[in-house]
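As a plain string of letters, each chain reads:
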Amino acid sequence: MATFADPDEELVRRVGQGDPAAIQAMVARKLPRMLALAQRMLGDPVEAEDVAQEAMVRAWRQAPRWVSGRARFDTWLHRVALNLCYDRLRRRREIPTDAPPERRDEGPAPDRGLLAADVGAAVNGALARLPDRQREAIVLCHYQELSNIEAAGLMEISIEALESLLSRGRRALRLALAEHRPGAEGVSK
Amino acid sequence: MTAERFHALVAAYGADRRHWPEDERAAAEAFAAAHADVAAPALDDADALDALLHRSPTPQVSMALRDRVLAAAVTASGRAGRTGRVWIDRLSLAFGAGWAVATCAGVAAGVIMTANFAADAQADAVLYQASLLGVDDTEVLG
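Residues numbered from 1 in each chain as written. Chains lettered and ligands numbered in written order. Predicted model: local features only at pLDDT ≥ 70, side-chain atom pairs only at ≥ 80, totals over all residues. Heavy atoms only, no water.

If you look chain A up in an unreviewed UniProt entry, it shows as RNA polymerase sigma factor from Brevundimonas alba.

Structure below.
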């Protein structure tokens, strides 16, 4: 007996039975979400695709033996994807290098003005420069729209610790993106 | 809800009420309504940052990634379609692009080589449905 409602429960059950329509629906529902999570955690579109794909592969394997009521499927899938992201972040740190890992999507192109797309790139760049745990908290709460309880549970921290990470992360982003705020000189629409 | 807690909440979760903790949302909204002079500047400031964060582009799932994930579903369930060629052809028809065929050929080859060859209409249906555009999540789930 499930102790909480899991909006994915029926879909997972059907995926576990090999229902083609359910598999199709699961891809439509979860793949964009996992890709967005990995992209913002890693800042690298190629690695993000790898992580999203691997998370979905694990979902296919898990679905037939999924026991409802223990956790939300979406939360479990986030945990899988986050672990994969942290494996890659750890590997980056372990590989000796003179230069920090290349971050993509940072800053405007040199031959044009600050366009709307460049603001998006600046936001991604600022996110990428956050400490991993602050970025994780903001990605989970702001972009993935998980509840504070779900996010704290995934991160294995208290609600207070989550709020501290969120506040510090947002403060750093506010500073990093100051020039893009409304009223700032040169801000683009 | 104290002013201090309201500010801490907005500093952490931003101005979007949907992101506020469920058990404090009503109290925070009531505080904002009752103390607009205190709440409004904090909300405006947080809202400006929220708006910027929303400018982060959401990555789009490529057809190639989607096809790889669908092919993995077939492999994971151990039910390869009757022939990989059939669904390559269907993808080709559905997307009308050679790149889809080229991208999926490698995946399909892997599926064909490693999966058992028992004909399974169900797996074939996965791939057929994958080739149909416009299948909506809510349609499927009712």
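It is worth spelling out the pattern of salt bridges at this point. Taken as a whole and assessed by the stated rule, the structure comprises 23 salt bridges over all chains. Aspartate 45 of chain B serves as the salt-bridge partner of arginine 174 of chain A, at 3.1 Å between the closest nitrogen and oxygen. Taken together, the residues span two chains, with arginine 174 of chain A in helix α8 (residues 159-176) and aspartate 45 of chain B in helix α3 (residues 36-53). Here aspartate 45 of chain B falls in the partly exposed class, since its relative accessible area comes to 28%. Close ionic contact of glutamate 24 of chain B with arginine 5 of chain B constitutes a salt bridge, the shortest N to O distance being 2.7 Å. Taken as a pair, glutamate 24 of chain B in helix α2 (residues 22-34) and arginine 5 of chain B in helix α1 (residues 3-13) lie far apart in primary sequence, 19 residues in all. With relative accessibility at 23%, the residue arginine 5 of chain B sits in the partly exposed group. (Salt bridge = Lys/Arg side-chain N within 4 Å of Asp/Glu carboxyl O. Helix = DSSP H or I, 4+ residues; strand = E, 2+ residues; numbered from the N terminus. Buried < 20%, exposed > 50% of the residue type's maximum accessible area, 1.4 Å probe, protein only.)

Note: most peptide bonds trans; most residues except glycine with negative phi. All names here are of chain A. A positive phi is found at glutamate 145, a non-glycine position, where the angle reads about 55°. With respect to the helices, strands and loops of the structure, glutamate 145 is situated in the loop between α6 (132-143) and α7 (148-155). With a phi angle near 55°, glutamate 156 is a residue other than glycine that sits in the positive phi range. One can find glutamate 156 in the loop between α7 and α8.

Size of an interface: often given as the accessible area lost when the parts come together. Of the residues lining the interface, 45 residues belong to chain B; the matching set on chain A comes to 48 residues. Overall, the association of chain B and chain A removes approximately 4200 Å² of surface from exposure, summing both partners, and the carbon and sulfur fraction of that is 60%. Among the residues chain B hides against chain A, the three largest losses belong to Leu52, Leu53 and Arg55 of chain B. Together they make up 15% of the total. Linking chain B to chain A there are five salt bridges. Glutamate 49 of chain A is the partner of arginine 68 of chain B in a salt bridge, and the nearest nitrogen-oxygen pair spans 3.0 Å. In terms of residue count, helix α4 (residues 63-76) of chain B provides more of the side of chain B that touches chain A than any other element does, eight residues in total. Looking at side-chain class alone, the side of chain B that touches chain A contains 27 nonpolar, nine polar and nine charged residues. (Contact = heavy atoms within 4.5 Å. Buried area = accessible area lost by both parts, 1.4 Å probe. Nonpolar A, V, L, I, M, F, W, Y, C, P; charged D, E, K, R; others polar.)

What follows covers the layout of surface pockets. Approximately 290 Å³ is the volume attributed to the largest pocket. Looking at the largest pocket, it is lined by 16 residues, and the ones nearest its centre are Ser147 and Asn148 of chain A together with Trp20, Glu22 and Arg25 of chain B. Elements with a minimum of two residues in the lining of the largest pocket: α7 of chain A together with α2 of chain B. In terms of residue class, the lining of the largest pocket is built from seven nonpolar, three polar and six charged. (1 Å grid on protein atoms, 1.4 Å probe; cavity = no way out; pocket = protein on both sides within 12 Å on 5 of 7 lines; lining within 4 Å. Points joined across faces, edges and corners; volume = space filled by probe spheres on them.)

All names here are of chain B. On inspection of all chains with the given rule, the structure shows five aromatic pairs over all chains. Ring centres of phenylalanine 6 and tryptophan 20 lie 6.0 Å apart, and the angle between their planes is 85°; this geometry places the pair in the edge-to-face category. Here tryptophan 20 lies in the loop between α1 and α2 and phenylalanine 6 lies in helix α1, a separation of 14 residues in the sequence. As far as burial versus exposure is concerned, phenylalanine 6 and tryptophan 20 are alike and both buried. (Phe/Tyr/Trp six-rings, centres within 6.5 Å; stacked < 30°, edge-to-face > 60°.)

Let us look at the packing of α2 of chain B against α3 of chain B. All names here are of chain B. Interhelical geometry of α2 versus α3 gives an angle of 110° and a closest axis separation of 6 Å. Considering their axes alone, α2 and α3 lie roughly perpendicular with respect to each other. Here Phe31, Ala32, Ala33 and Ala34 of α2 lie close against α3, whose contacting residues are Ala36, Val38, Ala39 and Leu43. Considered class by class, the residues forming the contact of α2 with α3 number eight nonpolar, no polar and no charged. (Axes fitted to C-alpha atoms, helices over the stretch in contact; angles between N-to-C directions. Parallel < 35°, antiparallel > 145°, perpendicular 65-115°, else oblique.)

Let us now look at the packing of α6 of chain A against α7 of chain A. Residues and elements named next belong to chain A. In the contact formed by α6 and α7, the axes pass within 9 Å of each other and the chain directions differ by 145°. As α6 runs across α7, the sense of the crossing is right-handed. Packed against α6, whose contacting residues are Arg133, Glu136, Ala137, Leu140 and Cys141, the element α7 presents Ala151, Leu154 and Met155 at the interface. In terms of residue class, the contact of α6 with α7 is made up of six nonpolar, no polar and two charged. (Left-handed = near helix turned anticlockwise from the far one by under 90°.)

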